[in-house]
Amino acid sequence: MHKEQASSKVSVILCHESSVLAYSIFNPNDWNGASKAIIHSCAVQQGILLYEASKLKAIFQQADALCLPRFADLESQWNTAKWEINTFSYFVEIPEAHLSIQAFLGSIKIFFDIIVQLISAQGIVSQQIHGFHKKGDDVGGKLMNALRNNAKKETQEIAVKLDDLIARHKAMWIDQAVKARDIFIHPGKGFSSVMFALDLQVDEGKLRLVRVIKPSINDEDFDRYAEKTTGYVANFSEQFLSLIKNV
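Residues numbered from 1 in each chain as written. Predicted model: local features only at pLDDT ≥ 70, side-chain atom pairs only at ≥ 80, totals over all residues. Heavy atoms only, no water.

Quick word on unusual backbone geometry
You will see that Glu204, though not glycine, has its phi angle at about 55 degrees, which is positive. Looking at the secondary structure, you find Glu204 in the loop between strand 2 (196-203) and strand 3 (206-213). Phi at Asn218 takes a positive value of approximately 50 degrees, unusual for a residue other than glycine. Tracing the sequence through the fold places Asn218 in the loop between strand 4 (216-217) and strand 5 (220-221). On the accessibility criterion, Asn218 (62% relative accessible area) is exposed. (Helix = DSSP H or I, 4+ residues; strand = E, 2+ residues; numbered from the N terminus. Buried < 20%, exposed > 50% of the residue type's maximum accessible area, 1.4 Å probe, protein only.)

Okay, here's the thing in structure tokens:
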């Protein structure tokens, strides 16, 4: 088949059930030109966020059962040669949880790198926007600088509204999500932030598992954080698209 024939075909997406919401927000059929491809990519990326959030919920619901075999191994060693239990911290590695947390946080950044490209595709600013890049330590600072200083005369009002929308969501959750993702590049911090911790005590000469402490962000279990964040993503997306749809 010739390339031009293949490219003229209409894409039919047989989406995963977790991605239905994403395609209801990001419908490529409602957009034209370069924006159409960007919208399609946004739907794919939001679908990944929704999928990873659902996986994390399932994993966290099974946290006790997943950690019990590792506790049993530890208990066997302790019974063989006891030590002062409070001398150490005890972590259980669950690779599926680690992968899902890392994928979720990384996908948030990728999502924003894609969606903000609509700002130049829709002709709101006079420069090309390639991603949601930092300016110094300011997450998305280069984009916001473009909205404040490089908006076209006829789209300045929209640029101001976009700047306000992004600033509000940065304060609510975006900056925190990017900061959490950046933990993974710091040795000594990343591993403990994605592992399940065991709260142990010795009771009448026996080692007891008091509770499983789940990975969290600001004292919120990560599965709940992920569910809440997907809501933020949907809310942001709907407001963002409503501002630029008919430019």
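The rest of the description comes next.
Some words on the side chain of Lys170
Relative to the assigned elements, Lys170 resides in helix 8 (residues 156-182). Look at Lys170 and you get buried, because its relative accessible area is 8%. Looking at Lys170, its side chain comes within polar contact range of the side chain of Asp175, at 2.9 Å. When residues no more than four places from it in sequence are discounted, the contact partners of Lys170 are Phe132, Asp138, Val139, Met144 and Asp175. (Polar contact = N/O pair within 3.5 Å; in protein donor to acceptor, adjacent residues only side chain to side chain. Contact = heavy atoms within 4.5 Å.)

Quick look at the packing of aromatic side chains
Taken as a whole, this structure holds 11 aromatic pairs when the rule is applied. Centre to centre, the rings of Phe26 and Phe111 are 5.9 Å apart; their planes meet at 75 degrees, and the pair counts as edge-to-face. With Phe26 in the loop between helix 2 (20-25) and helix 3 (33-61) and Phe111 in helix 5 (residues 95-115), this residue pair connects regions lying 85 residues apart in the sequence. You'll find Phe26 and Phe111 in the same group, each marked buried. Members of the aromatic cluster, each reached through a chain of ring pairs, are Phe26, Phe111, Phe112, Phe132, Trp173, Tyr232, Phe236 and Phe240. We note Lys82 situated over the ring of Trp78; from NZ or CZ to the ring centre the distance is 4.9 Å. If you follow Lys245 out to its NZ or CZ, it ends over the ring of Trp31, 5.0 Å from the centre. (Phe/Tyr/Trp six-rings, centres within 6.5 Å; stacked < 30°, edge-to-face > 60°. Lys NZ or Arg CZ within 6 Å of the ring centre and 35° of its normal.)

Things to note about the pairing of strand 3
One ladder, built from seven bridges, connects strand 2 with strand 3; its direction is antiparallel. The residue of strand 3 that forms the bridge with Leu198 is Val212. Between the antiparallel neighbours strand 2 and strand 3 lie two residues, among them Glu204 with a positive phi of about 55 degrees. (Pairing = 2+ DSSP bridges.)

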